[in-house]
Amino acid sequence: MLIDTYGRVATDLRVSLTDRCNLRCTYCMPEEGLQWLAKPDLLTDDEIVRLVDIAVRLLGVEEVRFTGGEPLLRPGLVGIVERVADLAPRPRMSLTTNGIGLRRTATALKAAGLDRVNVSLDTLRPEVFKSLTRRDRHQDVLDGLRAAHDAGLTPVKVNTVLMPGLNEDEAPDLLAWAVAHDYELRFIEQMPLDAQHGWKRDSMVTAGDILASLRTRFDLTPEGADDRGSAPAERWMVDGGPHRVGVIASVTRPFCAACDRTRLTADGQIRTCLFAREETDLRGALRSGAPDEEIARRWRLAMWGKKAGAGLDDPKFVQPDRPMSAIGG
């Protein structure tokens, strides 16, 4: 069991498969990209599967989310999913992606055992997408979403970040589109995870702003706390249901007290929080021949030291020294 001093138990493992990405989103990285990890520093497919096996067999992890960077850039992704699906106990598996490669991989991922996907899409307007991502790939994302839905990777969740002066007016249109295509839309407050450190709290679009905009067109009925559980998104029924919309208010309504996540970076480090500044090295233990029980012990010790919260509400908050692409969303 991965328990911390506040009594929280981590059962949700986020695994970053690569730090690389084929977009250059303005809230994540500079246009020229970043200094990518060297291949020897990345966990191998075998190492990833072994660590996931330790997590589910010895540490009580029940759900695994593959992230990046962009996880579809990982050459061995389908094989990793297939091998994790064969573990006992078998964890639930999902994938967070920008969707560009989903059209060609959705069917194979479903056959390998993937349960569902989260796809990032911030706008319905191709020109705004190009401005936000610095790439002209909007239609590829739409095609990937449709392929994921058709393959049965459901519920297909769409993650959207609204930014002032770019797409903050699109919330109602995005929700209408998601309902029409049977996707579950989730708005995420912009977080301080950009490599340029340009995030400013006083200029972000807040959960309150988003809900006020949505209510100009839709009737929203909140789900109860029991339905939410430890999920980061607060959800509302749209016009009485069955469709729902979520808002992840990481900054203005932090949910750290219910956090059940543990994170494995692409280079084999354990992070207790997306915003943690400390890491525990498991790659070194793997490569030095440590047995599973020793790796599990180090993992437990790392999670025992998890802090009470991310500290986003602290005026003295300091951003992580690694960009989001190297940590995993």
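Reading the values: rules and limits
- Residues numbered from 1 in each chain as written.
- Predicted model: local features only at pLDDT ≥ 70, side-chain atom pairs only at ≥ 80, totals over all residues.
- Heavy atoms only, no water.
- Helix = DSSP H or I, 4+ residues; strand = E, 2+ residues; numbered from the N terminus.
- Buried < 20%, exposed > 50% of the residue type's maximum accessible area, 1.4 Å probe, protein only.
- Areas by Shrake-Rupley, 256 points an atom, 1.4 Å probe, with all protein chains shown as cover.
- Pairing = 2+ DSSP bridges.
- Contact = heavy atoms within 4.5 Å.
- Axes fitted to C-alpha atoms, helices over the stretch in contact; angles between N-to-C directions.
- Parallel < 35°, antiparallel > 145°, perpendicular 65-115°, else oblique.
- Left-handed = near helix turned anticlockwise from the far one by under 90°.
- Nonpolar A, V, L, I, M, F, W, Y, C, P; charged D, E, K, R; others polar.
- UniProt positions renumbered as here; feature names shortened; annotations may be inferred.
- Core = buried A, V, L, I, M, F, W, Y, C linked by side-chain atoms within 4.5 Å.
- Right-handed = clockwise from strand over helix to strand, strands pointing away.
- Polar contact = N/O pair within 3.5 Å; in protein donor to acceptor, adjacent residues only side chain to side chain.
- Arc of directions from axis to C-beta.
- Salt bridge = Lys/Arg side-chain N within 4 Å of Asp/Glu carboxyl O.

Draft legend 1. Molecular detail of the overall build of the protein chain. Tallying secondary structure elements over the protein chain gives 11 helices and 12 strands in all. Split into buried and exposed, the 329 residues of the protein chain put 56% on the buried side. Summed over its atoms, the accessible surface of the protein chain is roughly 14000 Å², and 51% of this surface lies on carbon and sulfur atoms.

Draft legend 2. Representation of the sheet that holds strand S9 (residues 244-248) within the structure. Overall, mixed pairing links the 12 strands, which are arranged S7-S8-S9-S6-S5-S4-S3-S2-S1-S10-S11-S12 in an open sheet. Across the chains shown, the open sheet's two edge strands, defined by having one partner strand only, are strand S7 (220-222) and strand S12 (280-281). With 4 bridges connecting them, strand S6 (residues 184-188) and S9 associate as parallel partners. Bridged to leucine 185 within S9 is valine 245. Each of S6, S7, strand S8 (234-238) and S9 touches helix H7 (residues 207-214); the most contacted strand, S9, lies at about 160 degrees to it.

Draft legend 3. Representation of the pairing of strand S2 (residues 63-67) within the structure. Of all 5 residues making up S2, 5 are buried, and the element is well covered by its neighbours. Sheet topology places strand S1 (residues 12-16) next to S2; 5 bridges connect them, and they run parallel. Bridge assignment links leucine 13 to a residue of S2, and that residue is valine 64. Across 4 bridges, S2 lies against strand S3 (residues 92-97) in parallel orientation. Paired with phenylalanine 66 across the two strands is leucine 95, which belongs to S3.

Draft legend 4. Fine view of the packing of helix H3 (residues 102-112) against helix H5 (residues 138-151). At a minimum axis separation of 8 Å, H3 and H5 run at an interaxial angle of 20 degrees. Regarding the angle of H3 to H5, the classification is roughly parallel. Crossing of H3 against H5: the hand is right-handed. Here Leu102, Arg103, Ala106, Thr107 and Lys110 of H3 come into contact with H5, specifically with Asp140, Asp143, Gly144, Ala147, Ala148 and Ala151. Residue composition of the contact of H3 with H5, grouped by class: 5 nonpolar, 2 polar and 4 charged.

Draft legend 5. Spotlight on the UniProt feature "binding site: [4Fe-4S] cluster 1" (unreviewed entry) in the protein chain. In this numbering, the UniProt entry assigns the feature "binding site: [4Fe-4S] cluster 1" (unreviewed entry) to Cys21, Cys25 and Cys28. Secondary-structure assignment places cysteine 21 in the loop between S1 and helix H1 (45-58).

Draft legend 6. Quick peek at the nonpolar core. One finds Phe66 and Trp299 to be the most contacted residues of the largest nonpolar core, which totals 89 residues. Of the residues forming this core, the biggest block, 7 residues, is contributed by H1. In contact with tryptophan 299, other than residues within four places in its own chain, are Leu2, Leu13, Leu51, Ala55, Leu59, Thr262, Ile270 and Leu282.

Draft legend 7. Looking closely at the pairing of S3. Most of S3 sits inside the fold, with 5 of its 6 residues counted as buried. With H3 bridging S3 and the parallel strand S4 (residues 116-120), this β-α-β connection has right-handed handedness.

Draft legend 8. Molecular detail of the side chain of aspartate 143. With respect to the helices and strands, the residue aspartate 143 is situated in helix H5. Only 3.2 Å separates the side chain of aspartate 143 from the side chain of arginine 103, close enough to count as a polar contact. Among the polar contacts listed, one links the side chain of aspartate 143 to the side chain of arginine 146, at a separation of 2.7 Å.

Draft legend 9. Layout of helix H6 (residues 171-181). When H6 is considered as a whole, its buried residues turn out to be Ala171, Pro172, Leu174, Leu175, Trp177 and Ala178. Phi for aspartate 182, located one or two positions after H6, is positive at around 65 degrees.

Draft legend 10. How the structure looks around the UniProt feature "binding site: [4Fe-4S] cluster 2" (unreviewed entry) in the protein chain. Here the UniProt-annotated "binding site: [4Fe-4S] cluster 2" (unreviewed entry) positions come out as Cys256, Cys259 and Cys273. Across 18 residues of sequence, these annotated residues stay compact in space, with a maximum C-alpha separation of 9.3 Å. Tracing the backbone shows cysteine 256 in the loop between S9 and strand S10 (261-264). Within the secondary structure, cysteine 259 is located in the loop between S9 and S10. Once residues lying within four places of it in the same chain are set aside, the contact partners of cysteine 259 are Arg8 and Lys306.

Draft legend 11. Looking closely at helix H2 (residues 77-85). Those residues of H2 not exposed but buried are Leu77, Ile80, Val81, Val84 and Ala85. The arc enclosing the buried residues of H2, seen along the axis, measures out at 135 degrees, which places them on a common side.

Draft legend 12. Up close: the side chain of arginine 283. Looking at the secondary structure, you find arginine 283 in helix H9 (residues 283-287). Setting aside its immediate chain neighbours within four residues, arginine 283 contacts Asp41, Leu43, Asp267 and Gly268.

Draft legend 13. Region of the structure containing the pattern of salt bridges. Under the definition given, this model contains 25 salt bridges. We note a salt bridge from arginine 90 to aspartate 115, for which the minimum N-O separation is 3.3 Å. With arginine 90 in the loop between H2 and S3 and aspartate 115 in the loop between H3 and S4, this residue pair connects regions lying 25 residues apart in the sequence. The class for arginine 90 is partly exposed, based on a relative accessible area of 38%. Several salt bridges converge on common partners, so that one network encompasses Arg50, Asp53, Arg57 and Asp292.

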